Amino acid sequence: MAKVTRDDVARLAGTSTAVVSYVINNGPRPVAPATRERVLAAIKELGYRPDRVAQAMASRRTDLIGMIVPDARQPFFAEMAHAVEQAAAERGKMVLVGNSDYLDEREVHYLRAFLGMRVSGLILVSQGPSEHAATEIDAWDARVVLLHRRPDAIDDVAVVTDDVGGAQLATRHLLEHGHPYVACLGGTEGTPVVGDPVTDHVEGWRLAMKEAGISTEGRLFEAPYNRYDAYQVALSLLAGPDRPPALVCATDDQAIGVLRAARELRIDVPGELAVAGFDDVKEAGLTDPPLTTVASDRPAMARAAVDLVLDDALRVAGSRRERLRQFPARLVIRQSCGCN
């Protein structure tokens, strides 16, 4: 049986091959609804399958978007990657995901691999300062959008949450419950100073404590971002003589580790320890007690990142601030803070 071609589809639909291409590729020119329906019907009747390899060779671009995250095992990054995949599908694109494992060399490895595949663009949730990644991006003159993090070394368009403001909301809320102070579970010693959400969460905590006239000295504790290591840190912190009355965590995953440690130590949450997290991962509503946290609009951020990486018209030239898309944070009140 002869291979069905685009010419065959055009003949059956009574249109040109260019219009068939516009329907298949969702652009670049609009197609009248009636014509689009005829083309789709012809594709279905003939069983036509586009040759994506040939298309990529002709355009020097694929229908792929590369996405690099620090660790897709962490719920926040898994949910963000899923949101990006859904947004990309709406634009007729597929997403390839690579894990940097918080290692500079792994981030650069995936940058080279994805850009070498001629992806339509790259969405980067950077693992850190990324000087090497910045050099690689400049060398390829790549379409890159930063998501969630904005390292100082990389000056591309960024889509982020108001992390400082969100942490302020959570800290103020815990203080409003009458606690004498709120401690903070931040990042580790290697957490970047600029452009990292955890750094901004700590800054928001500091600002809220300062507003309340309360000292932060000796009340910031280091912990990795994941629940397993945070659980070990929390066991030591909560079993000590200076157990805080309230704790705001830089990530929900940390907070989940804290809740597990509190349960093991038979510390009542929220009666003896109030806890708040940040990210509003789906699991936050299923913890015991359900976790009060700070949410970002991940679907909207994902759509913005995909649109920015695909549409030149949206990529604003100008200052670093002008190339920032910041989405508001909102407090999600559940029971771990002391609310019923």
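Quick summary incoming for the structure in this document. Throughout, a residue's number is its position along its own chain's written sequence, starting from 1. The model is predicted, so local features are restricted to residues of pLDDT at least 70 and side-chain atom pairs to those at 80 or more, both for listing and for counting; the totals for chains, interfaces and linings are taken over all residues. As a rule here, side-chain values come from all non-hydrogen atoms in the structure, and water together with hydrogens is ignored.

For Phe, Tyr and Trp, rings pair up if their centres lie within 6.5 Å, where Trp contributes its six-membered ring, and each pair is then called stacked (planes under 30 degrees apart), edge-to-face (over 60) or tilted (otherwise). Counted by the stated rule, this structure contains three aromatic pairs. With 5.6 Å between their ring centres and 40° between their planes, Tyr110 and Phe114 make a pair best called tilted. Highlighted residues: Tyr110 and Phe114, both in helix 6 (residues 104-116), separated by four residues, approximately one helical turn. Both residues of the pair, Tyr110 and Phe114, count as buried. Helix and strand definitions here come from DSSP, where helices need a minimum of 4 consecutive H or I residues and strands a minimum of 2 consecutive E residues; each element is numbered from the N-terminal end. Note on exposure labels: buried denotes an accessible area under 20% of the residue type's maximum, exposed denotes more than 50%, and partly exposed covers the range between, all computed with a 1.4 Å probe on protein chains only.

All right, on to unusual backbone geometry then. Residue Val269 is joined to Pro270 through a cis peptide bond whose omega torsion reads 15°. Along the chain, Pro270 turns up in the loop between helix 11 (252-264) and strand 9 (274-276). Geometrically, the link from Asp288 to Pro289 is a cis peptide bond, its omega value of 0° lying close to zero. A positive phi angle, near 60°, is found at Arg118, a position not held by glycine. Looking at the element boundaries, Arg118 is found in the loop between helix 6 and strand 3 (121-124). You will see that His148, though not glycine, has its phi angle at about 75°, which is positive. Position of His148 among the secondary structure elements: in the loop between strand 4 (144-147) and strand 5 (157-161).

What follows covers helix 12 (residues 298-310). The span one expects for a helix is its residue count, reduced by one, times 1.5 Å. The terminal C-alpha atoms of helix 12, which comprises 13 residues, lie 18 Å apart, in line with the 18 Å expected from a rise of 1.5 Å per residue. The buried fraction of helix 12 is high, at ten of 13 residues. All buried positions along helix 12 are accounted for by Arg298, Ala300, Met301, Ala302, Ala304, Ala305, Val306, Leu308, Val309 and Leu310. Against the buried residues of helix 12 lie strand 1 (64-69), helix 5 (75-90), strand 3, strand 4, strand 5 and strand 11 (324-327). When checking whether two residues touch, look at their non-hydrogen atoms; a contact exists if any pair is within 4.5 Å.

Strand pairing requires that DSSP identify at least two bridges connecting the strands. Bridging between strand 1 and strand 2 (residues 94-99) involves six bridges; their strand directions are parallel. Its bridge partner lying in strand 2, Val69 is registered against Asn99. Handedness of the β-α-β unit built from strand 1, helix 5 and strand 2 comes out right-handed. Crossovers are described as right-handed under a simple rule: with the strands pointing away from the observer, the path leading from the first strand over the helix to the second runs clockwise.

Right, let's talk about the nonpolar core for a bit. Met67, Leu147, Val159, Leu238, Val258, Leu273 and Val275 are the most contacted members of the largest nonpolar core, which has 70 residues in total. Per-element accounting of this core gives the leading share, nine residues, to helix 12. Where each domain starts and ends follows an automatic or database-derived domain assignment. In this structure, this core is formed jointly by two domains, domain 2 (64-161 + 298-327) and domain 3 (163-296), each of which donates at least three residues. In this structure, Val159 is in contact with Val145, Leu146, Leu147, His148, Met301, Ala304, Ala305, Leu308, Arg325 and Phe327, ignoring residues within four places of it in sequence. The criterion is simple. A nonpolar core is a set of buried Ala, Val, Leu, Ile, Met, Phe, Trp, Tyr and Cys residues joined through side-chain atoms within 4.5 Å. Ranked by size, the runner-up nonpolar core spans 16 residues in total, among them Leu64, Val119, Ala142 and Val160.

Next up on the list: the pattern of salt bridges. By definition here, a salt bridge exists when the distance from a side-chain nitrogen of Lys or Arg to a carboxyl oxygen of Asp or Glu is within 4 Å. Going through the model one piece at a time under the given rule, you end up with 14 salt bridges. Ionic pairing is found between Asp8 and Arg11, a salt bridge with its closest N-O pair at 2.5 Å. Remark: Arg11 and Asp8 occur in helix 1 (residues 6-13); sequence separation between them is three residues, near one turn of the helix. Accessibility expressed as a relative area gives 60% for Arg11, which makes it exposed. Note that Asp288 and Arg263 form a salt bridge whose closest N and O atoms lie 2.3 Å from each other. With a gap of 25 residues between them, Asp288 in the loop between strand 9 and strand 10 (293-295) and Arg263 in helix 11 connect regions that are remote in the sequence. Accessibility classification places Asp288 together with Arg263 in one group, the exposed group.

Moving on, we get to the sheet that holds strand 11. The strand order 2-1-3-4-5-11 describes an open sheet built from six strands, whose pairing is parallel. The sheet is open, and its two edges are formed by strand 2 and strand 11, each paired on a single side. The average undirected angle you get between the axes of adjacent strands in this sheet is 20°. Sheet contacts for helix 12: strand 1, strand 3, strand 4, strand 5 and strand 11; angle to strand 5, the most-contacted strand, approximately 180°. Helix axes are fitted to C-alpha atoms over the stretch in contact, other axes to C-alpha atoms as well, and angles between N-to-C directions run from 0 to 180 degrees.

Before going further, it helps to spend a moment on the environment of Gln168. Relative to the helices and strands, Gln168 resides in helix 8 (residues 163-176). Owing to a relative accessible area of 12%, Gln168 belongs among the buried residues under this scheme. Residues Gln168 and Val202, 34 residues apart in the sequence, show an inter-C-alpha distance of 9.1 Å. Apart from the residues within four sequence positions on either side, Gln168 is in contact with Gly204, Leu207, Ala208 and Glu211.

This next bit is on helix 8. Here helix 8 spans 20 Å end to end across 14 residues, near enough to the 20 Å set by a 1.5 Å rise per residue. For helix 8, the buried fraction is high: ten of the 14 residues fall into the buried class. Among the residues of helix 8, those classed as buried are Asp163, Gly165, Gly166, Ala167, Gln168, Ala170, Thr171, His173, Leu174 and Leu175. Packed against the buried residues of helix 8 are strand 5, helix 9 (197-211), strand 8 (246-249), strand 9, strand 10 and strand 12 (330-332). One or two steps after helix 8, the chain reaches Gly178, where phi turns positive at roughly 95°.

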